[in-house]
Protein chains: 2
Amino acid sequence: MISERLKLTISYDGASFSGWQSQANGNTIQDLMEGAFRQICGTPIRVHGSGRTDAGVHALAQTAHADVPLRAWPTQRWLAALNGSLPPKVRVTRCTTVKKTFHARFSAKGKVYRYRIWNAPVLPPFEHGRAWHVAAPLSVTDIAGHANTFLGTHDFAEFAANRGQPIVDTVRTIRAAKVRCTGSCIAIEFDGDGFLYKMVRLMVGAVVRTALGKEPVAQLRARLKLQGTKSARFVAPAEGLYLVRVRY
Amino acid sequence: MISERLKLTISYDGASFSGWQSQANGNTIQDLMEGAFRQICGTPIRVHGSGRTDAGVHALAQTAHADVPLRAWPTQRWLAALNGSLPPKVRVTRCTTVKKTFHARFSAKGKVYRYRIWNAPVLPPFEHGRAWHVAAPLSVTDIAGHANTFLGTHDFAEFAANRGQPIVDTVRTIRAAKVRCTGSCIAIEFDGDGFLYKMVRLMVGAVVRTALGKEPVAQLRARLKLQGTKSARFVAPAEGLYLVRVRY
C-alpha cells in the first residue's frame, strides 16, 4: 500500500475515557482514533501516540502519527472526517503530512504538563473532573518555591510508579517550572525532556503536601537524592493533569 | 414549626440535568435541592427558585429560598451539609438567613444572563455542552451592534415562547447589553428587569443569524415592533446560556 504519514494534534477531556492506550473495553482515545480511521479508510490503521495518559487525564495537545493510504486530502478534509466520527469530547485540532522519519513517540524532544489545583472552600460545578480540589488555603509562593526544587537534572526514581516492569533509567531534566495563580486556580506547569509514569502527579502531590505542612521541606529535596527507596508518597488525582504539548 | 428562611446561591452545570423545575423523573436542580434538605432536616422542604432554567442551561448564581426548622446553624454548616448531599455538578456557593419577606422570585429586581458562542472551526472538547459552536466567522462588532438593538424598553412578544398559557405582559427592559471577546469565545451578556421564556436564546439566535447575513438588519429592529405575529424564529441552543446572577 502506498501510504502517507499524518501528524495529528489531539485534544481531549479525559473525564469520560479510560486514558490513551488501547484496552479491551475500547473506551480509550487510541481506540476511538483507530475506530475513526477505520471508518474513513475502511481498513485497520494503527495510531501511535507520543505516550500514554491515564484515565481521567486531559490533553490540550497530545500528538500522534498514523500511516494512511495515500489520498492527498487537504488538512481540512482529514480534520472534518476524523472529528465527524469522534465523540465531541475528543477533537483533532491539527493534521499535517510528515516524513516517514517522524515518530510521535521517538521523535519527541520533551513535553509540557500542567496541573490545575482549585484552592477554595467550594469546587465550582464547572471545575468538577478538571482540577484537584484543595480546600485548605495554599500559599502560591510556597507552591512555586517547592515546584522549583525539581528544576534541573535529577534521578526521579522516588517520583515514578512502575507498570509492572522495572524502570531502568530514571534520570530526567526539568527545564522549566511555572506557577500561575488565576482567581482560585493554581496551575503548575512542568516542561521536561521526558516524564516517568505518574511523575507529575507524584511531584504535585509532594509539593502540595509540603505546602500544607504535612511533609518537611527538607524531605522534598532529600527525595531527589534517594533511589528507589519508595518512601510514603502521595499521587495527586488524575483530573487535575493536562498534557499541554509535545515538543519535537 | 418555628422556622427560619434561608437564601441560597446555587451554581450548576446544566448539561447533566433536566433544568431547574421539579419533574416526575426527578433529575432537576429543584428536586436535588429538596432531596438534600429532606436528607438533612428529615422533613419535606420546599425550595423556591428565582425562576426556571431549561434543560442544559447553566447557572453561575441561581438564587432560591427555603424555610427550614430553626437550627441557627452557621452558614458554613449549611453549605457543607447541602453540598455533601448534592452531586458535584450542583454546588451551593452561599447561604444566609433572611427575613420572611424575602422571596427568591417575587423580590427579584432583575437578572443577568450570559450567552457563550464558540466561534472557531473546531469546538474544543472542554467547551462541549458549555457554548454554542458557530464555525462560520462572526464579526464581534456586528454582534455587539445587533445586541444593542434590544437596549431599553420594548415589547418582546416576538422574542418569547409560551409554555401553553398565553403571556399577558411582554414588555421588558434591557438595562445593559455587553459583548466580550476572549480568544474564540464571544460572550453576550444581558441585564434586564425580567426575561420571558426562551427570550435570551431567541435574542441571541436573531443576533447571530443577522451577523451571518441570514436575516436583514432591518428585520431585527422591526421585530421589536411586532406583537405576537410569530415570524420564523431561531432559538440558540440551551448549552450556551448561563444565569449569571439575580438582582434584589
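In case you missed it, the structure is sitting above this.
Right, let's walk through the structure included here. Values in this document were obtained by computation on a predicted structure and should not be read as measured data.

Here we come to the overall build of chain A. Broken down by element type, chain A carries five helices and 10 strands. Over its C-alpha atoms chain A spans a radius of gyration of 19 Å, differing by no more than 12% from the 18 Å that the globule rule assigns to 248 residues. With respect to the principal axes defined by its C-alpha atoms, chain A has extents near 60 × 40 × 30 Å. Pairs at least 24 apart in sequence give 71% of the contacts found in chain A among residues at least 6 apart. When the accessible surface of chain A is summed, it comes to about 11100 Å², and 52% of that surface belongs to carbon and sulfur atoms. Both charge centroids of chain A, one from 34 positive and one from 16 negative side chains, sit 4 Å from each other.

Tracing the backbone through its elements, the reader meets B:Met203 in helix H4 (residues 199-211). In this structure the C-alpha to C-alpha distance between B:Met203 and B:His58, which are 145 residues apart in sequence, comes to 17 Å.

This part covers the pattern of salt bridges. One pass over the structure, following the stated rule, counts 26 salt bridges over all chains. Here A:Glu215 ties to A:Arg223 by a salt bridge, and the two come within 3.8 Å at their closest N and O atoms. Of the two residues, A:Glu215 and A:Arg223, neither departs from the other in class, the shared state being buried. Linking B:Arg223 and B:Glu158 is a salt bridge whose minimum nitrogen-to-oxygen distance equals 3.8 Å. Within this pair, whereas B:Arg223 is found in helix H5 (residues 217-223), its partner B:Glu158 is found in the loop between strand S7 (152-155) and strand S8 (171-182), the two being separated by 65 residues in sequence. On the accessibility criterion, B:Glu158 (0% relative accessible area) is buried. Within this structure, A:Glu158, A:Arg209, A:Glu215 and A:Arg223 form a network of salt bridges that share partners.

Turning our eyes to something else, we now look at the relation of the copies chain A and chain B. Aligned on chain B, chain A shows an RMSD of 0.0 Å; the corresponding rotation is 180° and the shift along the axis is 0.0 Å. Each copy turns onto its partner about a two-fold axis. Taking C-alpha positions as reference, the residue of chain A nearest the rotation axis is A:Phe126, located at 5.0 Å. The overlap is high: 100% of the interface residues of chain A also sit at the interface in chain B, so the same surface is used on both sides.

At the junction of the two partners, chain A supplies 20 residues and chain B supplies 20 residues. Buried area between chain A and chain B, summed over both chains or domains, comes out near 1600 Å², and the portion from carbon and sulfur atoms is 71%. Applying the counting rule to chain A against chain B returns zero salt bridges. At the boundary of chain A and chain B, one finds two residue pairs in polar contact (both at pLDDT 80 or more). Of all the secondary structure elements, the ones that give two or more residues to the side of chain A that touches chain B are strand S1 (3-12), strand S3 (58-69) and strand S4 (90-98) of chain A. A per-class count over the side of chain A that touches chain B returns 12 nonpolar, four polar and four charged.

Criteria and thresholds
- Residues numbered from 1 in each chain as written.
- Chains lettered and ligands numbered in written order.
- Predicted model: local features only at pLDDT ≥ 70, side-chain atom pairs only at ≥ 80, totals over all residues.
- Heavy atoms only, no water.
- Helix = DSSP H or I, 4+ residues; strand = E, 2+ residues; numbered from the N terminus.
- Rg over C-alpha atoms; globule rule 2.2 N^0.38 Å.
- Contact = heavy atoms within 4.5 Å.
- Areas by Shrake-Rupley, 256 points an atom, 1.4 Å probe, with all protein chains shown as cover.
- Lys, Arg positive; Asp, Glu negative; His and termini not counted.
- Charge placed at Lys NZ, Arg CZ, Asp CG, Glu CD.
- Salt bridge = Lys/Arg side-chain N within 4 Å of Asp/Glu carboxyl O.
- Buried < 20%, exposed > 50% of the residue type's maximum accessible area, 1.4 Å probe, protein only.
- Least-squares fit on C-alpha atoms with pLDDT ≥ 70 in both.
- Buried area = accessible area lost by both parts, 1.4 Å probe.
- Polar contact = N/O pair within 3.5 Å; in protein donor to acceptor, adjacent residues only side chain to side chain.
- Nonpolar A, V, L, I, M, F, W, Y, C, P; charged D, E, K, R; others polar.

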